Amino acid sequence: MAEITQRRPEAAPVPAAGGAGAPPGAGTRPRPPRTIVPLAGLPVVAVVVIALVTAIAGNWLWALDFFHVVGGGLWTGIDLFVGLVIGPILGRLSIPARVEFAARFMPKMLLIMPTLVLMTLASGWQLARHVGVLEVGYPQRWWLIASFIVVGVMTVIALGFLEPANLAVLFELRKDAPDGALIGKLMRRFAYTAGITGIMQVATLVIMTRIATW
Amino acid sequence: MVSSAAPAAGGQPAGPAAAEASLAGAGPAQRKLPPVTGLAVAALSLVIAGGIFLAAHLPRSTPLGPPAAALVLAVVALLTAAALLARVRDFAWHTFFVVAGWTLAAYLVIAGMLEFVFVLDHTPGQLLVLLTLMLLVFAIDVPLLLGFSVARYAPAGTGGAGPGGPQPDSPA
């Protein structure tokens, strides 16, 4: 892949960076990453996807369980941590600090989260088929349907609101004169939606632990 | 949970809200654009709702009417969004196609993976066709949504990020 931007200087001045108590470097604009997608992560994603396809094709119970538990645990944990811990902290930072954090954090999320979601859902579906969870009757089946609905709502929020905000911030940071207000607005949307999906992940934890102990 | 008006740490004279206001020099694009995001999210919601309906019935026999209706509505919403967007003259089309193109590549991989699972599971004919069409809508809708979300804030008729921004033939 070609790089998406030309090289920039290490930092460019930015107005009103926080005053006397501001941390070092708060008065400078962070250099955006060279590419929107962190290229170094792509081989890792490729390995995960190939391993997942192999596990599904082979219907290997242990591998499917591994992918579902590891993927789901990380997805849930990251969503909860970002939404309930990072989000509120981010909202109280100065705009330059938020921008600097976003420039480093969001490209990684762009690779990590879709990979974890794909890993969890694809292996989860196969695992459910393999162990017969899909064939349970009512009222147990309601738990299954509830898990589908929770995942569906989270997907709409993530793809419809969270990911667009994430990408728009990354592109805004590449401009010669980024719009601080727009970045602030989009990052608040990112933090709010991450918080909502984080709370919904608690529902996922309840449902999954219930299903696992039928 | 997240408030730009929250007091800054360290006794800073300028809070985040003030810094935000002072940084707002260029300002976001205030162009009036068609409701592409709303329509694309509606299409996404409909295919996901159809998928949930099917998943809730599998592996037993599944009534195909409701998910087929959801699919038709999703296609209508997606085509309307695409048609409305195509009529916009003042738009960062290069940025749109760069983002949408690379997103499409990624989502074709995801959709292909799910299709592989359906085929592997011997999903019956009509159901497989329905699921495949839903995946197709999904794989086209998300790139449209992401491409629009980025390009709407980019200067019209440019790569969207100024001289140091995305260059022709660059990936997202």
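Residues numbered from 1 in each chain as written. Chains lettered and ligands numbered in written order. Predicted model: local features only at pLDDT ≥ 70, side-chain atom pairs only at ≥ 80, totals over all residues.

Each helix and strand in chain B was counted, giving five helices and zero strands. Helices and strands appear in chain B in the N-to-C order α-α-α-α-α. Looking at chain B as a whole, 42% of its 172 residues qualify as buried. When contacts within chain B are restricted to residue pairs at least 6 apart in sequence, those whose partners lie at least 24 apart make up 79%. (Helix = DSSP H or I, 4+ residues; strand = E, 2+ residues; numbered from the N terminus. Buried ≥ 20, exposed ≤ 12 C-beta atoms within 10 Å, placed from the backbone. Contact = placed C-beta atoms within 7 Å.)

The subject of this paragraph is the overall build of chain A. Within chain A, the regular secondary structure consists of five helices and two strands. Helices (α) and strands (β) of chain A occur, in sequence order from the N terminus, as β-β-α-α-α-α-α. For chain A, the proportion of contacts with a sequence separation of at least 24, taken over those separated by at least 6, is 80%.

Turning to the nonpolar core, a few remarks are in order. Ranked by internal contacts, the top residues of the largest apolar core, which has 98 residues, are B:Ala40, B:Ala43 and B:Val47. Beyond its immediate stretch of four places on either side in the chain, B:Ala40 contacts B:Leu78, B:Ala81, B:Asp141, B:Leu144 and B:Leu145. (Core = buried A, V, L, I, M, F, W, Y, C linked by C-beta atoms within 7 Å.)

Before going further, it helps to spend a moment on the packing of helix 1 (residues 42-58) of chain A against helix 4 (residues 93-120) of chain B. Put simply, helix 1 of chain A and helix 4 of chain B touch, their axes get as near as 10 Å, and they point 10° apart. Taken together, the axis directions place helix 1 of chain A and helix 4 of chain B in an arrangement best described as roughly parallel. Contacts between helix 1 of chain A and helix 4 of chain B involve A:Val53, A:Ile56 and A:Ala57 on the former and, on the latter, B:Met113, B:Phe116, B:Val117 and B:Leu120. For the contact of helix 1 of chain A with helix 4 of chain B, a count of residues per class yields seven nonpolar, no polar and no charged. (Axes fitted to C-alpha atoms, helices over the stretch in contact; angles between N-to-C directions. Parallel < 35°, antiparallel > 145°, perpendicular 65-115°, else oblique. Nonpolar A, V, L, I, M, F, W, Y, C, P; charged D, E, K, R; others polar.)

As a further point, take the packing of helix 1 of chain A against helix 3 (residues 95-131) of chain A. Residues and elements named next belong to chain A. With their axes 11 Å apart at the nearest point, helix 1 and helix 3 run at an angle of 5° to one another. Considering the angle they form, helix 1 stands roughly parallel to helix 3. Between helix 1, through Val45, Val48, Leu52, Ala55 and Ile56, and helix 3, the contact on the second element is made entirely by Leu111, Thr115, Met119, Ala122, Ser123 and Gln126. Classifying every residue of the contact of helix 1 with helix 3 by side-chain character gives eight nonpolar, three polar and no charged.

For the rest of this paragraph, the subject is the environment of A:Asn59. All names here are of chain A. Secondary-structure assignment places Asn59 in the loop between helix 1 and helix 2 (61-91). Asn59 sits in the partly exposed class, given 14 other C-beta atoms within 10 Å. Taking the C-alpha atoms as reference, Asn59 lies 8.4 Å from Leu127; in sequence the two are 68 residues apart. For Asn59, the residues in contact, after removing those within four places along its chain, are Gln126 and His130.

The next point concerns the environment of A:Asn166. Mapped onto the elements, A:Asn166 comes out in helix 4 (residues 140-173). For the pair A:Asn166 and A:Gln140, spaced 26 residues apart in the sequence, the C-alpha separation amounts to 37 Å.

Turning to helix 5 (residues 125-151) of chain B, a few remarks are in order. A rise of 1.5 Å per residue sets the reference length of helix 5 of chain B, with its 27 residues, at 39 Å; its end C-alpha atoms lie 39 Å apart and thus fit the reference within 8%. Summarising burial for helix 5 of chain B: 19 of the 27 residues are buried, a large majority. (Expected span 1.5 Å × (residues − 1).)

Quick look at unusual backbone geometry now. Of the consecutive residues A:Tyr138 and A:Pro139, the connecting peptide bond is found in the cis state with omega at 10°. A positive phi is found at A:Asn59, a non-glycine position, where the angle reads about 50°. Unlike most non-glycine residues, B:His122 shows phi in positive territory, near 55°. Looking at where B:His122 falls in the secondary structure, it is placed in the loop between helix 4 and helix 5.

Turning next to helix 4 of chain A. Over its 34 residues, helix 4 of chain A extends 48 Å from the first C-alpha to the last, a length consistent with the 50 Å expected when each residue adds 1.5 Å. At A:Ala158, helix 4 of chain A shows its strongest bend, of approximately 40°. (Bend = angle between axes of the 7 residues up to and from the residue.)

Attention now moves to the confidence of the model for chain A. Residues and elements named next belong to chain A. For chain A, the average pLDDT comes to 78, and 84% of its residues sit at 70 or higher. The lowest-confidence element of chain A is strand 1 (residues 11-13), averaging 37 in pLDDT; the highest-confidence one is helix 1, averaging 90. Low pLDDT, under 50, characterises residues 1-27; the predicted model gives this stretch 70 contacts beyond four residues in sequence or across chains. (pLDDT = per-residue confidence, 0-100.)

Before going further, it helps to spend a moment on the confidence of the model for chain B. Residues and elements named next belong to chain B. Per-residue confidence for chain B gives a mean pLDDT of 77; residues scoring 70 or more make up 73%. Within the model, pLDDT remains below 50 along residues 1-28, and this stretch shows 75 contacts once partners closer than five positions in the same chain are excluded. Under the prediction, the complex receives an ipTM of 0.74, its pTM being 0.75.

We now examine the environment of B:Phe118. Residues and elements named next belong to chain B. Topologically, Phe118 is positioned in helix 4. Judged by C-beta crowding, with 15 C-beta atoms within 10 Å, Phe118 ranks as partly exposed. It is 8.3 Å that separates the C-alpha atoms of Phe118 and Leu131, two residues lying 13 residues apart in sequence. Setting aside its immediate chain neighbours within four residues, Phe118 contacts Thr123, Leu128 and Leu131.

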